[in-house]
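Descriptive analysis of the structure
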Amino acid sequence: MLYQISHTTNYAYSQPVRLQPHVVRLRPRSDSWQTLRSFSLMVTPPPLRESAFTDLDGNTLIKLWFQPEETEALAVQVLSQVETHRTNPFDYWSEPWAVRSPIDYPASLLLQLQPYLSGQPMQYATSVDSIALQLAQDIVQVVDGNVIRFLGELNQRIHSGCKYMIREMGDPLPPGVTWSTRSGSCRDFAVLFVEACRAIGLAARFVSGYQEGDTDSTDRHLHAWAEVYLPGGGWRGYDPTQGLAVADRHIALVGSAFSRYAAPISGSFQQANGAQSTMTYQLTIQGG
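Figured I'd write up the structure that's included with this text. Just so it is clear, the model here is predicted, and its values are computed rather than measured.

Details of the overall build of the protein chain
Scanning the protein chain from terminus to terminus reveals five helices and 14 strands. For 288 residues, the compact-globule estimate of 2.2 N^0.38 gives 19 Å, and the C-alpha radius of gyration of the protein chain, at 20 Å, lies within 12% of that figure. Taken over the C-alpha atoms alone, the protein chain extends approximately 60 × 40 × 40 Å along its principal axes. Put simply, the protein chain has 288 residues, and 46% of those count as buried. Partitioning the contacts of the protein chain with sequence separation of at least 6, the portion at a separation of at least 24 is 73%. Summed over all atoms, the accessible surface of the protein chain reaches about 13800 Å², with 51% contributed by carbon and sulfur. Charged side chains in the protein chain number 21 positive and 26 negative. The centres of these two groups are separated by 2 Å.

Topic: the pattern of salt bridges
Within the structure shown, the criterion is met by 12 salt bridges. Residues E227 and R29 are paired through a salt bridge, measuring 2.8 Å at the closest nitrogen-oxygen approach. Of the two residues, E227 is situated in strand β9 (residues 223-230) and R29 in the loop between β1 (2-24) and β2 (34-44); the sequence distance between them amounts to 198 residues. Exposure remark for E227: the relative accessible area of 5% places this residue in the buried category. For the salt bridge of R205 with D57, the shortest nitrogen-to-oxygen distance reads 3.5 Å. Of the two residues, R205 sits in strand β8 (residues 204-211) while D57 sits in the loop between β3 (49-54) and β4 (60-65), which places them 148 residues apart along the sequence.

Focus on empty space enclosed by the protein
Taken as a whole, this structure holds one cavity of 30 Å³ or more when the rule is applied. Lining the largest cavity are R29, W33, Q34, T84, W225, E227, G237, V246, A247, H250, I251 and A252. Elements that contribute at least two residues to the lining of the largest cavity include exactly β9 and β12 (250-256). Among the elements that take part in the lining of the largest cavity, β12 stands out by supplying three residues, more than any other. Each residue belonging to the lining of the largest cavity can be placed in one class, and the counts come to six nonpolar, four polar and two charged.

Rules behind the numbers
Residues numbered from 1 in each chain as written. Predicted model: local features only at pLDDT ≥ 70, side-chain atom pairs only at ≥ 80, totals over all residues. Heavy atoms only, no water. Helix = DSSP H or I, 4+ residues; strand = E, 2+ residues; numbered from the N terminus. Rg over C-alpha atoms; globule rule 2.2 N^0.38 Å. Buried < 20%, exposed > 50% of the residue type's maximum accessible area, 1.4 Å probe, protein only. Contact = heavy atoms within 4.5 Å. Areas by Shrake-Rupley, 256 points an atom, 1.4 Å probe, with all protein chains shown as cover. Lys, Arg positive; Asp, Glu negative; His and termini not counted. Charge placed at Lys NZ, Arg CZ, Asp CG, Glu CD. Salt bridge = Lys/Arg side-chain N within 4 Å of Asp/Glu carboxyl O. 1 Å grid on protein atoms, 1.4 Å probe; cavity = no way out; pocket = protein on both sides within 12 Å on 5 of 7 lines; lining within 4 Å. Points joined across faces, edges and corners; volume = space filled by probe spheres on them. Nonpolar A, V, L, I, M, F, W, Y, C, P; charged D, E, K, R; others polar.

Set out below in structure tokens:
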């Protein structure tokens, strides 16, 4: 699939502010799943300096520094053309020692996977959420420890058991809150999925990006899902919002061990009298 993406984010401030450095995480990945054909970034007001760099997960981020002059608005527009390749999300063979949980990782691989195996830091707690742990243990019993069946069952339980809601702003909810209330946004479901995987020793990370959506509707939003590291298959995506294994109708932007490092834009501003900001966006995704 070949996708044309136009994504503009607008910030309006209640009074003039001085913009501090911002990090933009809106450049699509280019890997074995998808190829970035073209990308452009337009920022208003124009930044004083702009620098692209690669983070620890291999994502391309763009840092912006601004003039000291005050402004009442900030607009960030990206135009991307991305070709996706993966029609079959199960086109791999798992290593024989990795088909059942708990996986006995080789020491060298276990060392590399450590950031993706511990609980997500929620209010300074790094242990796995107890409610997510119970959910994971229940599923392990049902699937008799089979890793692929576990992932499919977890995906379906979140998809069918939780009510989806659009929540544009704010950090993801703690995974236990999402499962207890049986409701959340796509990023809440992704965090819950990641936490449940880590609870039984499966390395997982949070991914932000786009999903093709309903072709009969023009309504589009940023999307979030999870990726699980499967020895023999590498990082494989699962979308609990859709109840699907990720294939060629998802376009990944960035993946990270922690959801806050996948925020599309992060930054701050200086102001003297308690200025407030509001955010709006326009997103179009055309595929063919």
